[in-house]
Amino acid sequence: ALVKPTSRTHPFVNLMTPADITSDNPIVRWAFSREVLDRADDYFGDGLLIDSIQLLYSWPTEGPLMESQMWHRDYGDTKSFHWIAYVNDVLTEEHGPFGFVDKHDTRRISDYPIIRRISDDKFDRELGDGKKRVFYGQAGQSVFVDPASCYHYGSRCKTPRLAIFVTFNTDRPMTAPTSMIRDNAERLMAVATKLRPDLSPDYLRRILGA
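Here the structure is a predicted model, which means the values were calculated and not measured. (Residues numbered from 1 in each chain as written. Predicted model: local features only at pLDDT ≥ 70, side-chain atom pairs only at ≥ 80, totals over all residues. Heavy atoms only, no water.)

**Q** Please clarify how the packing of aromatic side chains should be interpreted in this entry.
**A** Centre distance and the angle of the planes are the two values used to describe a pair of aromatic rings. All told, the structure shown has ten aromatic pairs when counted by the stated rule. Ring centres 5.3 Å apart and planes at 35° place the aromatic pair F81 and F144 in the tilted group. Linking F81 in strand β3 (residues 80-86) with F144 in strand β6 (residues 142-145), this pair joins segments that are 63 residues apart in sequence. Three or more aromatic residues joined by ring pairs form one cluster here, namely Y43, F44, F81, F144 and F168. Above the face of the Y43 ring, K79 is positioned so that its terminal group lies 4.5 Å from the ring centre. The lysine or arginine in question, R156, covers the ring of Y153, its NZ or CZ lying 3.7 Å from the ring centre. (Phe/Tyr/Trp six-rings, centres within 6.5 Å; stacked < 30°, edge-to-face > 60°. Helix = DSSP H or I, 4+ residues; strand = E, 2+ residues; numbered from the N terminus. Lys NZ or Arg CZ within 6 Å of the ring centre and 35° of its normal.)

**Q** So what exactly am I meant to see when it comes to the sheet that holds strand β8 (residues 161-170) here?
**A** Backbone hydrogen bonds are what pair the strands of a sheet, in a parallel or an antiparallel way. The strand order β1-β2-β8-β3-β6 describes an open sheet built from five strands, whose pairing is antiparallel. Only two strands of the sheet have a single partner each, and these edge strands are β1 (12-14) and β6. On average, adjacent strands in this sheet sit at an angle of 25° to one another, irrespective of strand direction. The pairing of strand β2 (residues 48-58) with β8 spans ten bridges and is classified as antiparallel. In the strand pairing of β8, S52 is matched with T167. (Pairing = 2+ DSSP bridges. Axes fitted to C-alpha atoms, helices over the stretch in contact; angles between N-to-C directions.)

Rendered as structure tokens:
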């Protein structure tokens, strides 16, 4: 009810608030779970930081593609890690599935010193015979992807979409973690300690930047 769609920026809004940082919140529980956090730790193989924990509501749009609906990479770091889980079924193009190409095919796309937002036609020309992939899934299904290394798009919705995005970066990111992580590090620390007693406090403080 609080969502106010706009055509001036990304066609989605994060519904997570600091009040949602509790050990009972299923999104927070998944963010610190073995299935998500431990897999992110394995991917980086060294230091990492939690960049964001989000529940993104994407609203239906018409007209030209804008912002994150176009092909792009994320530039918060040179290496990144998304866990994306659908909260509602995303089974057709109208539901706004996450689209991407793998690391190999991303190398086909011309490098630029600035952030690129690429139209479908231009992307197809640069991709050549590379393969575009789309993640469809029922509510509860998820995918792991490095959004800094793989061109991707999302939120091309004709019906509302809800999806969880938990993002990790290296421990020396190019941009700081989101304000919800930075401003609530101690609160997250208390919750993480309760959820993952198997992990040392020093480790948890490092990944939270606390």
